[in-house]
Amino acid sequence: MGTRTEIPPGTLYMLILKTLALNGPMHGYGIAEQIQQVSDEVLQVEEGSLYPALQRMLVKGWVMAEWGQSDNNRRARFYKLTAAGRKQLAAEISEFEKVTRAITRVIQPA
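Keep in mind it's a predicted model, so treat the numbers as computed, not measured.

1. Some remarks on the overall build of the chain
Next up, step 1: Scanning the chain from N- to C-terminus turns up four helices and three strands.
Next up, step 2: Sequence-ordered secondary structure for the chain, helices as α and strands as β, is α-β-α-α-β-β-α.
Next up, step 3: Dimensions along the principal axes, computed over C-alpha positions, put the chain at roughly 55 × 35 × 20 Å.
Next up, step 4: Looking at the chain residue by residue over its 110 residues, the buried ones come to 33%.
Next up, step 5: Put simply, the chain shows about 7500 Å² of open surface, and 54% of that area lies on carbon and sulfur atoms.
Next up, step 6: Taken as two groups, the 13 positive and 11 negative side-chain charges of the chain have centres that lie 9 Å from each other.

2. Topic: the packing of aromatic side chains
Both the distance between ring centres and the angle between the ring planes are used here to describe each pair of aromatic rings.
Next up, step 1: Taken as a whole and assessed by the stated rule, the structure comprises one aromatic pair.
Next up, step 2: Seen in terms of ring centroids, tyrosine 13 and tryptophan 62 are 5.2 Å apart; in terms of plane orientation they differ by 90°. Their pairing is edge-to-face. One end of the pair, tyrosine 13, is in helix 1 (residues 12–23); the other, tryptophan 62, is in the loop between helix 3 (47–60) and strand 2 (63–69), and 49 residues separate them in sequence. In this structure, tyrosine 13 and tryptophan 62 share a single accessibility class: buried.

3. Quick word on unusual backbone geometry
Next up, step 1: The phi dihedral of aspartate 40 is positive, around 55°, even though this residue is not glycine.
Next up, step 2: Relative to the helices and strands, aspartate 40 is located in the loop between helix 2 (28–38) and helix 3.
Next up, step 3: Here aspartate 40 falls in the exposed class, since its relative accessible area comes to 58%.
Next up, step 4: One non-glycine residue, glutamate 41, lies in positive phi territory at about 70°.
Next up, step 5: Among the structural elements, glutamate 41 can be located in the loop between helix 2 and helix 3.

4. A closer look at the packing of helix 2 against helix 3
Packed helix pairs are characterised by how far apart their axes lie and by the angle those axes make with each other.
Next up, step 1: The interhelical angle for the contact between helix 2 and helix 3, taken along N-to-C directions, is 120°, at an axis separation of 10 Å. With respect to helix 3, the element helix 2 is oriented oblique. Of the two possible hands of crossing, helix 2 and helix 3 adopt the one that is right-handed. Two secondary-structure elements touch here, helix 2 through Gly28, Tyr29, Ile31 and Ala32 and helix 3 through Leu50, Tyr51 and Leu54.

5. Details of the layout of surface pockets
Next up, step 1: Considered as a void within the structure, the largest pocket measures approximately 350 Å³ in volume.
Next up, step 2: Forming the boundary of the largest pocket are 20 residues, of which His27, Tyr29, Gly30, Ser70 and Ala76 lie nearest the centre.
Next up, step 3: Element by element, the count of residues in the lining of the largest pocket is highest for helix 2, at six residues.
Next up, step 4: For the lining of the largest pocket, the residue count by class is seven nonpolar, eight polar and five charged.
Next up, step 5: Met14, Leu15, Lys18, Thr19, Leu22, Asn23, Gln34, Ile35, Val38, Ser39, Leu43 and Ile93 are the residues that line the second largest pocket.

6. Regarding the nonpolar core
Next up, step 1: In terms of nonpolar packing, the biggest core is built from 23 residues, with Ile16, Leu17, Leu20, Ile31, Val45, Leu50 and Met57 touching the most fellow members.
Next up, step 2: Every element with two or more residues in this core is listed here: helix 1, helix 2, helix 3 and strand 3 (75–81).
Next up, step 3: Counting residues per element, this core draws most heavily on helix 1, which supplies seven residues.
Next up, step 4: Beyond its immediate chain neighbours, meaning those up to four positions away, isoleucine 16 contacts Ile31, Ile35, Leu50, Ala53, Leu54 and Met57.

The rules behind these values
Residues numbered from 1 in each chain as written. Predicted model: local features only at pLDDT ≥ 70, side-chain atom pairs only at ≥ 80, totals over all residues. Heavy atoms only, no water. Helix = DSSP H or I, 4+ residues; strand = E, 2+ residues; numbered from the N terminus. Buried < 20%, exposed > 50% of the residue type's maximum accessible area, 1.4 Å probe, protein only. Areas by Shrake-Rupley, 256 points an atom, 1.4 Å probe, with all protein chains shown as cover. Lys, Arg positive; Asp, Glu negative; His and termini not counted. Charge placed at Lys NZ, Arg CZ, Asp CG, Glu CD. Phe/Tyr/Trp six-rings, centres within 6.5 Å; stacked < 30°, edge-to-face > 60°. Axes fitted to C-alpha atoms, helices over the stretch in contact; angles between N-to-C directions. Parallel < 35°, antiparallel > 145°, perpendicular 65-115°, else oblique. Left-handed = near helix turned anticlockwise from the far one by under 90°. Contact = heavy atoms within 4.5 Å. 1 Å grid on protein atoms, 1.4 Å probe; cavity = no way out; pocket = protein on both sides within 12 Å on 5 of 7 lines; lining within 4 Å. Points joined across faces, edges and corners; volume = space filled by probe spheres on them. Nonpolar A, V, L, I, M, F, W, Y, C, P; charged D, E, K, R; others polar. Core = buried A, V, L, I, M, F, W, Y, C linked by side-chain atoms within 4.5 Å.

Right, here's the structure in full:
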């Protein structure tokens, strides 16, 4: 099993948006679990980071939310990507790739 690592600063929105883009509406716990599973247990999204981020994303209009029933019959808030969220996801990925290329240039031997 891999080591769990902090989510890199500035990438939480991107990870949440991408997870919703790939999986459709999900509740917060499901989003966190999916990110952890897809990252081979390396990335772990803590509740204290996830739910405030989702709330900020609601305010920004990147996601919508509605109440529903989870798989275990509990009341849960399900989040869904909006058109603005899709646009933001593209911007987040573009910026991440730009930063990743810059870091790679710095750490690669000349």
